[in-house]
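Residue-level structural notes
Chain by chain, the residues run as shown.
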Amino acid sequence: MIMSTMEENKVSLNYVEIDSNILLKLLEGVSTHAGKDKSLPILNAVQIAGAGGDLIAKATDRYRLIEGAVRYLDGGLDPSLISLDDVKRVITLCKAHKGNLVNITRVGDAITISSLGDALTFTLLGGTYPPTEDLFAKSESDPIAVEGVAFNPALMADYAKIAGKGNAIKIYFTGEGKPMRVRITGDAITWRALLMPMRYVD
């Protein structure tokens, strides 16, 4: 059987089609956890990947880690590391096209984000993103009682923004000195988040 040109393009290209409102909320939430130090470009970034109908975005600054997963309409995308500055540009595009579809297309190390004729094209970052699945898996153990845990209270503001006004978050403690599992309930996005404790001297 001879494939059509359109079918060949779908095989050869990495692409995802997704609602702009959902992509906006996903990137706004995940980008809060990206590192701010530009001398560490792999952490000053957001990784996105699409497979099996889920677009997954993740970010970490070494002290906390977040992952958000949303359903997309069509396509698939290899893991792609986007600098935080470029993620902010994508957020601006999504805000300008709320309620419309966004296409994400990757060819080699270049990725294009487009909607209704507006498009952004930039080069993806190289390097290996920190492994995160093992950290999430270990955090899924049953919560245990701890005497006390210290953490940076300023970080709670980010979780409040992600959860939305009036919605609660839940924190599970998995052991002394171990990451806390943060549960954030979302309508369209499935969140997983970890927060490292701080040292505290009474």
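In this report, we go over the structure that sits alongside the text.

Cut-offs and rules
- Residues numbered from 1 in each chain as written.
- Predicted model: local features only at pLDDT ≥ 70, side-chain atom pairs only at ≥ 80, totals over all residues.
- Heavy atoms only, no water.
- 1 Å grid on protein atoms, 1.4 Å probe; cavity = no way out; pocket = protein on both sides within 12 Å on 5 of 7 lines; lining within 4 Å.
- Points joined across faces, edges and corners; volume = space filled by probe spheres on them.
- Helix = DSSP H or I, 4+ residues; strand = E, 2+ residues; numbered from the N terminus.
- Pairing = 2+ DSSP bridges.
- Axes fitted to C-alpha atoms, helices over the stretch in contact; angles between N-to-C directions.
- Contact = heavy atoms within 4.5 Å.
- Core = buried A, V, L, I, M, F, W, Y, C linked by side-chain atoms within 4.5 Å.
- Buried < 20%, exposed > 50% of the residue type's maximum accessible area, 1.4 Å probe, protein only.
- Expected span 1.5 Å × (residues − 1).
- Polar contact = N/O pair within 3.5 Å; in protein donor to acceptor, adjacent residues only side chain to side chain.
- Left-handed = near helix turned anticlockwise from the far one by under 90°.
- Nonpolar A, V, L, I, M, F, W, Y, C, P; charged D, E, K, R; others polar.

1. Some remarks on empty space enclosed by the protein
Applying the stated criterion across every chain, the model contains one cavity of 30 Å³ or more. Considered as a void within the structure, the largest cavity measures approximately 40 Å³ in volume. Around the largest cavity, the lining residues are Leu23, Leu27, Ile48, Ile82, Val87, Val90, Ile104 and Ile113. Of all the elements in the fold, those that place two or more residues in the lining of the largest cavity are helix H2 (20-31) and helix H3 (84-96).

2. Some remarks on the sheet that holds strand E9 (residues 169-172)
The eleven strands are arranged E8-E7-E6-E1-E5-E2-E3-E4-E11-E10-E9 in an open sheet whose pairing can be described as antiparallel. For this open sheet the edge positions go to strand E8 (118-123) and E9, each flanked by a neighbour on one side alone. Across the sheet, the axes of successive neighbouring strands diverge by a mean angle of 25 degrees, strand direction being ignored. Lying on the sheet, helix H5 (residues 156-163) is in contact with strand E4 (64-71), E9, strand E10 (180-184) and strand E11 (190-195); it crosses E11 at an angle near 175 degrees.

3. Digging into the nonpolar core
Within the largest apolar cluster, 46 residues are counted, with the highest numbers of intra-cluster contacts made by Ile18, Leu23, Leu26, Leu55, Ile104 and Ile184. Among the elements that make up this core, the one with the highest residue count is H3 (six residues). Those residues in contact with Ile18, other than ones at most four positions away along the chain, are Leu23, Leu55, Val70, Arg71, Tyr72, Asn100, Leu101, Val102 and Ile104.

4. Remarks on the environment of Pro130
Mapped onto the elements of the fold, Pro130 is located in the loop between E8 and helix H4 (133-139). Judged by relative accessible area, which is 30%, Pro130 ranks as partly exposed. Each C-alpha atom, one on Pro130 and one on Met198, is 21 Å from the other, the two residues being 68 residues apart in sequence. The contact partners of Pro130, leaving out residues within four places of it in the chain, are Ile42 and Leu43.

5. Concerning the side chain of Asp158
Of note, Asp158 is situated in helix H5. According to the relative accessible area criterion, Asp158 is buried, its value standing at 15%.

6. Section: H2
Structurally, the α-helix is built with 3.6 residues per turn, so residues lying three or four positions apart point the same way. Over its twelve residues, H2 extends 16 Å from the first C-alpha to the last, a length consistent with the 16 Å expected when each residue adds 1.5 Å. Those residues of H2 not exposed but buried are Ser20, Leu23, Leu24, Leu26, Leu27, Gly29, Val30 and Ser31. A side-chain oxygen of the first residue of H2 lies 2.8 Å from the backbone nitrogen of Asn21; this N-cap is Asp19.

7. Comments concerning the packing of H2 against H3
The N-to-C vectors of H2 and H3 enclose an angle of 150 degrees; their axes lie 9 Å apart at closest approach. The element H2 and its partner H3 pack so that their crossing is left-handed. Each of Ser20, Leu23, Leu24, Leu27, Glu28 and Ser31 in H2 lies in contact with H3, whose residues at this interface are Leu84, Val87, Val90, Ile91, Cys94 and Lys95. A class-by-class count of the residues in the contact of H2 with H3 yields eight nonpolar, two polar and two charged.

8. With respect to the pairing of strand E7 (residues 110-115)
A regular strand places its side chains on the two faces of the sheet in alternate fashion. Of the two faces of E7, the one holding Ile111, Ile113 and Ser115 is buried and the one holding Ala110, Thr112 and Ser114 is not buried anywhere. Where strand E6 (residues 101-107) and E7 come together, five bridges link them in antiparallel fashion. The residue of E7 that forms the bridge with Thr105 is Thr112. Between the end of E6 and the start of E7, which pair antiparallel, lie two residues, with Gly108 showing a positive phi angle near 65 degrees. Sheet topology places E7 next to E8; six bridges connect them, and they run antiparallel. Each residue of the ladder has a partner; that of Ile113, found in E8, is Leu120. Between E7 and E8, which pair antiparallel in sequence order, lie two residues; one of them, Leu116, sits at a positive phi of approximately 50 degrees.

9. Here we look at the pairing of strand E2 (residues 45-51)
For E2, the buried fraction is high: six of the seven residues fall into the buried class. Across five bridges, E2 lies against strand E5 (residues 74-83) in antiparallel orientation. What sits directly across from Ala45, in E5, is Ser83. Hairpin geometry of E2 and strand E3 (residues 54-60) is characterised by an intervening segment of two residues between the two adjacent antiparallel strands and by a positive phi of about 65 degrees at Gly52.

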